[in-house]
Amino acid sequence: MSNYTLVIDANNQPLSPCHPSVARKLLASKKAAVYRRYPFTIILNKTVENPQIEPIELKLDPGSKTTGVALVQGNKVLWGAELTHRGQAIKMSLESRRSFRRSRRNRHTRYRQARFLNRTRQSSLLAPSLQHRVETTLTWVNKLLRLAPISSIVQELVRFDLQQLENPEISGVEYHEGELAEYEVREYLLNKWDRKCAYCGIENVPLQIDHIHSKAKGGSNRISNLCLACEQCNIKKGTQSIEQFLAKKSDILKRIFSQAKRPLKDAATVNSTRWELFNRLQETGLPVATGSGGLTKFNRTRLNLPKAHWLDAACVGLVESLKVLTSKPLLIKATGHGTRQMCRPDKFGFPSRYVPRLKFVNGFQTGDIVKAIVTSGKKIGIYVGRVTVRSSGSFNIYTSELVSGISYKYCSVIHRKDGYSYAT
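The paragraphs below set out a description of the structure included in this document. Here the residue numbers are simple positions, counted from 1 along each chain's written sequence. With pLDDT at 70 or above as the cut-off, local features in this predicted model cover only qualifying residues; side-chain atom pairs require 80 or more to be listed or tallied, and sums for whole chains, interfaces and linings still use all residues. Excluding hydrogens and water, the side-chain values take into account all heavy atoms of the structure.

Some points on the overall build of the chain
At step 1: A helix here means a DSSP run of H or I that spans at least four residues, while a strand means a run of E at least two residues long, and both kinds are numbered starting from the N terminus. A tally of helices and strands in the chain yields 10 helices and 21 strands.
At step 2: For the exposure calls, accessible area comes from a 1.4 Å probe over protein chains only, and a residue counts as buried if that area is under 20% of its type's maximum, exposed if over 50%, partly exposed in between. Out of the 424 residues in the chain, the part that is buried amounts to 43%.
At step 3: The contacts in the chain between residues at least 6 apart in sequence include a share of 62% that link residues at least 24 apart.
At step 4: Under the convention used here, a 1.4 Å probe and the Shrake-Rupley method define accessible areas, while residue burial counts only the protein chains that appear. For the chain, the accessible surface area stands at approximately 24500 Å², while carbon and sulfur atoms represent 51% of it. Whether two residues are in contact is decided by their heavy atoms: any pair within 4.5 Å suffices.

Here it is as structure tokens:
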């Protein structure tokens, strides 16, 4: 079943989401109209005085590539989405620009005044690819605040609750035993050892937690003494010292010692964006609760839910039970708003083509989601997707595959460009 439909009244006051069948009846009886296509929202043609609204929690599971979003009312998951970031694309664009500029400086061209001191940077500025993750998540938080009666926000603040782990990165912290401790430790180790066996490097097999220095020889339960091993390597190693087990594999032994004491930098990077997001969410004025990645996995495993970013979001924080009323989350992909660059270079940095100054062609612009009903010619059919405009009026439409050469006369806009593409 698809997501519940978001509802607002004639004064743009958000109301409780309704079942898709109720939304269809309201639209058929002309008691409501479509307000937004993505996320699908209807607007009533009257105001609602003193509506009885059950508060909704907005839950977020920020990730490096994809952020999970869920709207939870009580114990019911009404709406879900997965927001795919374009951080890697931003990084590649910046690297490309840097290479073009460096090669241009080395050419024997006319002198250009130095401009390397004309920009100031904030002291706490995140890298552009990281800042993008925060800003796009906040964009969708603000959209949902306008369309749903959200009373609180719950965010997965840290990937791992490092304060509950006794490790060399955090000294003097006592490890707290409990049923959640195993989930925190296992999640940490899976990321630290890249989900591979530390000894043979095998992937996609069940992995066990192994003591680098065995407990029989006095090894401790500290995180720096734990690694992942497949069952075969774990049994083969037994209670041997690691020096004895890897006597003929000095390179692997050196790598394990180095990796065991290395902090999890990726987690620290992701956690830095989560803290920035947490501080920005508090500026909304709503109460913001937090949870850890280990707690999220514990809740999802206990409730026997499949692995998905939007379901992870629903499981963030303190959860007793969940009733999932939707199975098709909205898939959102950040595409950006294009570029102001008027001259496009080739791979060597030389001008190759120019773009028109006017972005609109016959009322359409690149990024609009259109519906094209072609009634004649070789491409008869109905096409719905993101459009790329041309000055000639012959457009390209990206559905599941590229459809080129569609005249603007057959097209009608169903969702204006907003920097994202959508799927269900």
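A closer look at a nonpolar patch on the surface
At step 1: Together, Ile 373, Ile 382 and Val 384 make up an exposed nonpolar region whose accessible area comes to about 270 Å².
At step 2: Position of Val 384 relative to the elements: it lies in strand E17 (residues 381-388). What goes into a patch is any residue over 30% in relative accessible area without a salt bridge, connected to like charges within 9 Å or, for nonpolar side chains (Val, Leu, Ile, Met, Phe, Trp, Tyr), within 5 Å. Whenever a carboxyl oxygen of Asp or Glu lies within 4 Å of a side-chain nitrogen of Lys or Arg, that contact is scored as a salt bridge.

Quick notes on the sheet that holds strand E4 (residues 41-44)
Strand pairs in the sheet, formed through backbone hydrogen bonds, run parallel or antiparallel to each other.
At step 1: Between any two strands, pairing holds if DSSP finds at least two bridges. Judged by pairing direction, the sheet is mixed, and its 4 strands sit side by side in the order E2-E1-E4-E3 without closing on themselves. This sheet does not close on itself; its edge strands, each paired only once, are strand E2 (14-18) and strand E3 (32-36). Mean inter-strand twist for the sheet, computed between neighbouring axes without regard to direction, equals 35 degrees.
At step 2: In this structure, E3 lies alongside E4, joined through 4 bridges in antiparallel fashion. By the bridge assignment, Val 34 is partnered in E4 with Ile 42. Helix axes use the C-alpha atoms of the stretch in contact, all axes being lines fitted to C-alpha atoms, and the angles between their N-to-C directions lie in the range 0 to 180 degrees.

A short note on empty space enclosed by the protein
At step 1: Only protein atoms enter the 1 Å grid, on which a cavity is a set of points fitting a 1.4 Å probe that cannot get out and a pocket is an open set with protein on both sides within 12 Å along at least 5 of 7 lines, lining residues being those with an atom within 4 Å of a point. Grid points are joined across faces, edges and corners, and a volume is the space filled by probe spheres set on the points. For the structure on display, the rule yields 2 cavities of 30 Å³ or more.
At step 2: In terms of lining, the largest cavity is formed by Pro 62, Gly 63, Thr 67, His 85, Arg 133, Val 134, Thr 137, Thr 273, Arg 274 and Leu 277.
At step 3: Sorting the residues of the lining of the largest cavity by element identifies helix H3 (128-147) and helix H8 (265-282) as the ones contributing at least two each.
At step 4: Of the residues that constitute the lining of the largest cavity, the class distribution is 3 nonpolar, 5 polar and 2 charged.
At step 5: Estimates place the volume of the second largest cavity at around 30 Å³.
At step 6: Around the second largest cavity sit Leu 58, Leu 60, Val 69, Leu 83, Thr 137, Trp 140, Val 141 and Leu 144, which together line it.
At step 7: Elements with a contribution of two residues or more to the lining of the second largest cavity: strand E5 (56-61) and H3.
At step 8: Ranked by residue count, the leading element in the lining of the second largest cavity is H3, at 4 residues.
At step 9: Asp, Glu, Lys and Arg are counted as charged, while Ala, Val, Leu, Ile, Met, Phe, Trp, Tyr, Cys and Pro are counted as nonpolar; the rest, among them Gly, fall into the polar class. Residues that form the lining of the second largest cavity fall into these classes: 7 nonpolar, 1 polar and no charged.

Things to note about the sheet that holds strand E16 (residues 369-374)
At step 1: If you trace the 5 strands from one edge of the open sheet to the other, you get E19-E18-E17-E16-E20, paired in antiparallel fashion. Lying at the two open borders of the sheet, with one neighbouring strand each, are strand E19 (402-407) and strand E20 (411-415). Between one strand axis and the next, the sheet turns through 45 degrees on average, direction left out of account.
At step 2: Where E17 lies against strand E18 (residues 394-398), 3 bridges are found, and the strand directions are antiparallel. In the strand pairing of E18, Thr 388 is matched with Asn 396.

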